[in-house]
Amino acid sequence: MRATVWSGRNTVQVENVPDPKILNDRDAIVRITSTAICGSDLHLYDGYVPTMRKGDILGHEFMGEVVETGPGVENLKQGDRVVVPFPIACGSCWSCEHELYSLCENSNPNAGLAEKMFGHTTCGIFGYSHLTGGYAGGQAEYARVPFPTWAH
Amino acid sequence: MTSKTAITVNRPRDEVERLWNSSEYRPRHAEAAEAVVFKDAPGDRGTEIHVDIGKSGPAGKLQELFGSAPLPKVKDELRRFKQLVETGEIPRSDGSPEGEKVERKLKQRPAQPLEQSELEEVAVR
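These numbers were taken from a predicted model, which means no experiment stands behind them. (Residues numbered from 1 in each chain as written. Chains lettered and ligands numbered in written order. Predicted model: local features only at pLDDT ≥ 70, side-chain atom pairs only at ≥ 80, totals over all residues.)

**Details of the overall build of chain B**
In terms of regular secondary structure, chain B is built from four helices and three strands. Helices and strands appear in chain B in the N-to-C order β-α-β-β-α-α-α. In chain B, which comprises 125 residues, the share counted as buried stands at 39%. Restricting to contacts in chain B with at least 6 residues of sequence separation, those with at least 24 account for 54%. (Helix = DSSP H or I, 4+ residues; strand = E, 2+ residues; numbered from the N terminus. Buried ≥ 20, exposed ≤ 12 C-beta atoms within 10 Å, placed from the backbone. Contact = placed C-beta atoms within 7 Å.)

**A few points about the interface of chain B and chain A**
Accessible area lost upon the coming together of the parts is a frequently used measure of interface size. Taken residue by residue, the interface counts 30 residues in chain B and 36 residues in chain A. Top contributing element to the side of chain B that touches chain A by residue count: helix α3 (residues 70-87) of chain B, with six residues. Here the residues of the side of chain B that touches chain A sort into nine nonpolar, 10 polar and 11 charged. (Nonpolar A, V, L, I, M, F, W, Y, C, P; charged D, E, K, R; others polar.)

**Comments concerning the nonpolar core**
Within the largest apolar cluster, 38 residues are counted, with the highest numbers of intra-cluster contacts made by Val30, Ile57, Ile88, Ala89, Cys104 and Ala143 of chain A. Here the element with the most residues in this core is strand β3 (residues 27-35) of chain A; it accounts for four residues. For Ala89 of chain A, the contacting residues outside a window of four places in its chain are Cys96, Tyr101, Cys104, Ser107, Cys123, Phe147 and Trp150 of chain A. Ala30, Ile53, Leu71 and Val74 of chain B belong to the second-largest nonpolar core, a separate cluster that totals 11 residues. (Core = buried A, V, L, I, M, F, W, Y, C linked by C-beta atoms within 7 Å.)

**Some thoughts on the sheet that holds β3 of chain A**
Residues and elements named next belong to chain A. In spatial order, the strands read β6-β5-β3-β9; together these four strands make up an open sheet with antiparallel pairing. Of all the strands in the sheet, just β6 (81-84) and β9 (142-146) have a single pairing partner and so form its edges. Taking the axes of each pair of neighbouring strands and ignoring which way they run, one obtains an average angle of 45° across the sheet. Where β3 meets β9, five bridges bridge the pair, whose relative direction is antiparallel. Opposite Ile29, over in β9, you have Arg144 as the bridge partner. (Pairing = 2+ DSSP bridges. Axes fitted to C-alpha atoms, helices over the stretch in contact; angles between N-to-C directions.)

**Observations regarding helix α3 (residues 111-118) of chain A**
Within the span of α3 of chain A, buried status applies to Ala111, Gly112 and Leu113 of chain A. In this fold, the buried residues of α3 of chain A make contact with α3 of chain B. Just beyond α3 of chain A, the residue with positive phi is Gly119 of chain A, at close to 90°.

**Structural notes on the pairing of strand β2 (residues 12-16) of chain A**
Residues and elements named next belong to chain A. With zero of five residues buried, β2 is to be regarded as a mostly surface element. Bridge count between strand β1 (residues 2-6) and β2: five bridges; the pairing is antiparallel. Bridged to Ala3 within β2 is Glu15. Here β1 folds back onto β2 in antiparallel fashion, the turn holding five residues, of which Gly8 has a positive phi close to 130°.

**Observations concerning the environment of Val37 of chain B**
Locating Val37 of chain B in the fold gives a position in strand β2 (residues 35-40). Spatially, the C-alpha atom of Val37 of chain B lies 6.6 Å from that of Val51 of chain B, the residues being 14 residues apart in sequence.

**With respect to the pairing of β9 of chain A**
Moving residue by residue along a regular strand, the side chains alternate between the two faces of the sheet. Most of β9 of chain A is tucked away: five of the five residues are buried. Burial along β9 of chain A is two-sided: the residues Tyr142, Arg144 and Pro146 of chain A and Ala143 and Val145 of chain A are all buried.

**A word on the domain arrangement of chain B**
Residues and elements named next belong to chain B. Its domain assignment divides chain B into domain 1 (4-89) and domain 2 (92-125). Taken together, the contacts link six residues of domain 1 with five residues of domain 2. Class assignment for the residues of the side of domain 1 that touches domain 2 results in one nonpolar, one polar and four charged. (Domains from an automatic or database assignment.)

**Notes on unusual backbone geometry**
Phi at Ser129 of chain A takes a positive value of approximately 75°, unusual for a residue other than glycine. One non-glycine residue with positive phi stands out, namely Asp44 of chain B, at about 60°. If you trace the backbone, Asp44 of chain B turns up in the loop between β2 and β3 (47-52). What makes Asp44 of chain B exposed here is the crowd of 8 C-beta atoms within 10 Å.

**Concerning the sheet that holds strand β1 (residues 4-9) of chain B**
Residues and elements named next belong to chain B. Strand order in this open sheet of three strands is β1-β3-β2, and the pairing throughout is antiparallel. Each edge of the sheet is formed by a strand with only one pairing partner; in this case those strands are β1 and β2. Adjacent strand axes in the sheet meet at a mean angle of 20°, parallel and antiparallel pairs treated alike. Pairing of β2 with β3, which is carried by six bridges, proceeds in the antiparallel orientation. Within β3, the residue paired with Phe38 across the bridge is Ile49. On the sheet, helix α1 (residues 13-20) packs against β1, β2 and β3 and is oriented at approximately 155° with respect to β2. Of the strands in this sheet, β1 and β3 touch α3, which is tilted by about 5° from β1.

This is the structure we're talking about:
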């Protein structure tokens, strides 16, 4: 697929990258129909956010159509049109149960890194550096959406 | 050097202790710990797991960061245990396709989907 890729300070280009695949049972793949460039993408573009890597796909505000779901996804099916919120939230930790989705305790696989730097971690976020998980973003033709419980 | 770590799991204590001791969930490195203590977390937040790995030799700050000392591995295991118990899976990203893993921290993949060969490496069909 084609995707917007960060390749260094002030350098962003559209490149060919592999298509996303389901990695876990509670993943969905979304074909993106609309996506946005956020003001906060400028911080990435300008190189102010640490832990960016060449090749990172940007984009954390997107919507589209579900094209594939893992066996653990119960609320969505192929063909559903969804808006995907940028915090990735598991739905079952204490923070998620209290609707504090941006503090999800499970969705950031680089939580240890964030804790080392900030003392506490955020949730995982699409296309927003490796401190927030290293998830590929939504300025692309397709995206893998883990825990799509909150996509609607 | 600190040799203690802890995590809070959003489940009652008897369930956490039972899963911790089950063959499917039991963390390998934490098993070698000097002490593992389970406590009810305050504010109805589930169960705290405190692990003290005891003296781990002259591991320095660098080793702690790069993960050859056991403490970072125990921390990984605690988080993976919490993730499995609470969500039923180990969340993976494109940058960290194995999930939370200390060796991955400084060797992140770019955040773009994996090639077929990489998918096989991390055991995804």
